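Here's the letter readout for the chains.
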Amino acid sequence: VALGTALVSQVHPGWLKFGTFVVLLPLILFQAAGYRRPIKSERSVGLVFGAGVGVLYSVTTISGPPLAVMLSNQGLTKKDFRAALGFIRLAESSFTAAAYWYVGLYSIESMGLIPYILPSIAIGVPIGAYLIQRIRPETFRRVCMSFGAWFVGFGLSTLLKDLRLVESNLAFLVLLGVGILDTFLLYRFFTVQLPMAKSI
């Protein structure tokens, strides 16, 4: 977080997001397809991964997709997944808030967004807590990966235009391709893999 805060005015966040999304998209789609290869040496990987997520979050405020990929890959149960994700997000947002305050990045305009965001959070969290108790763990993981795929696909398409890599709306072909592939993976999961898991 400290390193990312120092870089926030030096590195173009669009390029950092673009590189992150390019790396993440295949990993998310592999997870959405049900492929997992749990990492044995969590401590050594966790140090590098944690540092990377800290830099990424403090520069771009994006960390959900990489965290979801990592936690899903480790095969955590639904409760463990939620607990780990919640704890890490709380830590990174708290540290980043403190670092931003220290270097004076807050403005009146950014503070003005709080009244619009907080009510949505207050409504959304109880709804999510209610729904998650009624979803099977594997279904929960697949839905998380599906959401991540759409998020990253949209982000990549938008960044292709913003960074002027593609000048027209053809950039959204990336989102279309991700959507078609993810829809196929979800269809296969709900029609083939989930019924087989229920029958075991």
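The structure contained in this document is the topic of the report that follows. Note that residues are indexed from 1 along each chain, following the sequence as it is written. Local features in this predicted model are restricted to residues whose pLDDT is 70 or higher, and side-chain atom pairs enter the listing and the counts only when it is 80 or higher, whereas totals over whole chains, interfaces and linings include all residues. Hydrogens and water molecules were not included; the side-chain quantities draw on all heavy atoms of the structure.

**Examining the packing of aromatic side chains**
- In this analysis, rings of Phe, Tyr and Trp, with Trp reduced to its six-membered ring, are considered paired at centre separations within 6.5 Å, and the interplanar angle assigns stacked below 30 degrees, edge-to-face beyond 60, and tilted for intermediate values. Tallied over the entire structure, the rule returns five aromatic pairs.
- Between Trp15 and Phe18, the ring centres sit 6.0 Å apart and the planes meet at 80°, which makes this aromatic pair edge-to-face. Here Trp15 pairs with Phe18, and both are found in helix α2 (residues 13-32), just three residues apart, close to one helical turn.
- Per-residue accessibility, obtained with a 1.4 Å probe over protein chains only, is compared with the maximum for each type, and a residue is labelled buried under 20%, exposed over 50%, and partly exposed between these values. Its relative accessible area of 43% is what places Trp15 among the partly exposed residues.
- Taking 6.3 Å as the distance between ring centres and 45° as the angle between the ring planes, the aromatic pair formed by Phe154 and Phe172 counts as tilted. Pair noted here: Phe154 is in helix α8 (residues 137-162) and Phe172 is in the loop between α8 and α9 (173-199), with a separation of 18 residues, a long-range link.
- Given a relative accessible area of 47%, Phe154 falls into the partly exposed group.
- When its relative accessible area of 29% is taken as the criterion, Phe172 is described as partly exposed. Counting from the N terminus, the helices are the DSSP runs of H or I reaching at least four residues and the strands are the DSSP runs of E reaching at least two.

**Some remarks on helix α5 (residues 78-103)**
- The length a helix should cover is 1.5 Å for every residue beyond the first. Between its first and last C-alpha, α5 extends 37 Å over 26 residues, near the 38 Å set by a 1.5 Å rise per residue.
- Among all positions in α5, only Lys78, Phe81, Glu92, Thr96, Ala99 and Tyr100 are buried.
- A positive phi of about 75° marks Gly104, the residue just after α5.

**Notes on the nonpolar core**
- Note on terminology: a nonpolar core comprises buried Ala, Val, Leu, Ile, Met, Phe, Trp, Tyr and Cys residues joined through side-chain atoms within 4.5 Å. Counting residues in hydrophobic clusters, the biggest one holds 24 residues, and the most contacted among them are Phe18, Phe21, Leu25, Ile28, Val152 and Leu156.
- The set of elements that each furnish at least two residues to this core consists of α2, α4 (64-73), α8 and α9.
- Apart from the residues lying within four places of it in its own chain, the contact partners of Phe21 are Ile62, Phe151, Val152, Gly155, Leu156 and Leu159. Contacts are assigned to residue pairs with any non-hydrogen atoms lying within 4.5 Å of each other.

**Notes on the pattern of salt bridges**
- A pairing counts as a salt bridge when a side-chain nitrogen of Lys or Arg comes within 4 Å of a carboxyl oxygen of Asp or Glu. As enumerated under the stated definition, the model contains two salt bridges in all.
- Residue Glu92 pairs with Arg89 through a salt bridge whose shortest N-O separation is 2.9 Å. Of this pair, Glu92 and Arg89 both sit in helix α5, separated by three residues, roughly a single helical turn.
- On the basis of relative accessibility, which here comes to 5%, the residue Glu92 falls in the buried class.
- A relative accessible area of 32% means that Arg89 is categorised as partly exposed.

**Details of the packing of helix α3 (residues 42-60) against α5**
- Helix axes use the C-alpha atoms of the stretch in contact, all axes being lines fitted to C-alpha atoms, and the angles between their N-to-C directions lie in the range 0 to 180 degrees. Two elements in contact, α3 and α5, have axes whose closest approach is 10 Å; the angle formed by their N-to-C orientations is 55°. In this view, α3 runs oblique relative to α5, as classed from their interaxial angle. In this structure, the crossing between α3 and α5 has a hand that is right-handed. Contacts from Val53, Tyr57, Ser58 and Val59 of α3 reach α5 at Arg89, Glu92, Ser93, Thr96 and Tyr100.
- Broken down by class, the residue content of the contact of α3 with α5 amounts to four nonpolar, three polar and two charged. To sort the angles, those under 35 degrees are grouped as roughly parallel, those over 145 as roughly antiparallel, those from 65 to 115 as roughly perpendicular, and the leftovers as oblique. Working rule for handedness: look at the near helix, and if it is turned counterclockwise from the far one by less than a right angle, call the crossing left-handed; if clockwise, right-handed. All residues other than Ala, Val, Leu, Ile, Met, Phe, Trp, Tyr, Cys, Pro, Asp, Glu, Lys and Arg, Gly among them, are scored as polar; the first ten of these are nonpolar and the last four charged.

**Concerning the packing of α2 against α8**
- Relative orientation of the contacting elements α2 and α8 amounts to 145°, with a least axis distance of 9 Å. For the element pair α2 and α8, the recorded crossing hand is left-handed. Note on element contacts: α8 touches α2 through Arg142, Met145, Gly148, Ala149, Phe151, Val152, Gly155, Leu156, Leu159 and Leu160, opposite Gly14, Lys17, Phe18, Phe21, Val22, Leu25, Ile28, Leu29, Gln31 and Ala32.
- By residue class, the composition of the contact of α2 with α8 is 14 nonpolar, four polar and two charged.

**A few points about the side chain of Ser157**
- Mapped onto the elements, Ser157 comes out in helix α8.
- Using a relative accessible area of 0% as the deciding quantity, one classes Ser157 as buried.
- Under the rule applied, a polar contact is a pair of N or O atoms within 3.5 Å (in protein, one hydrogen donor and one hydrogen acceptor; residues adjacent in sequence only if both atoms are side-chain atoms). There is a polar contact of 3.0 Å between the side chain of Ser157 and the backbone oxygen of Gly153.
- In contact with Ser157, not counting residues within four places along its chain, are Ala171, Phe172, Val174 and Leu175.

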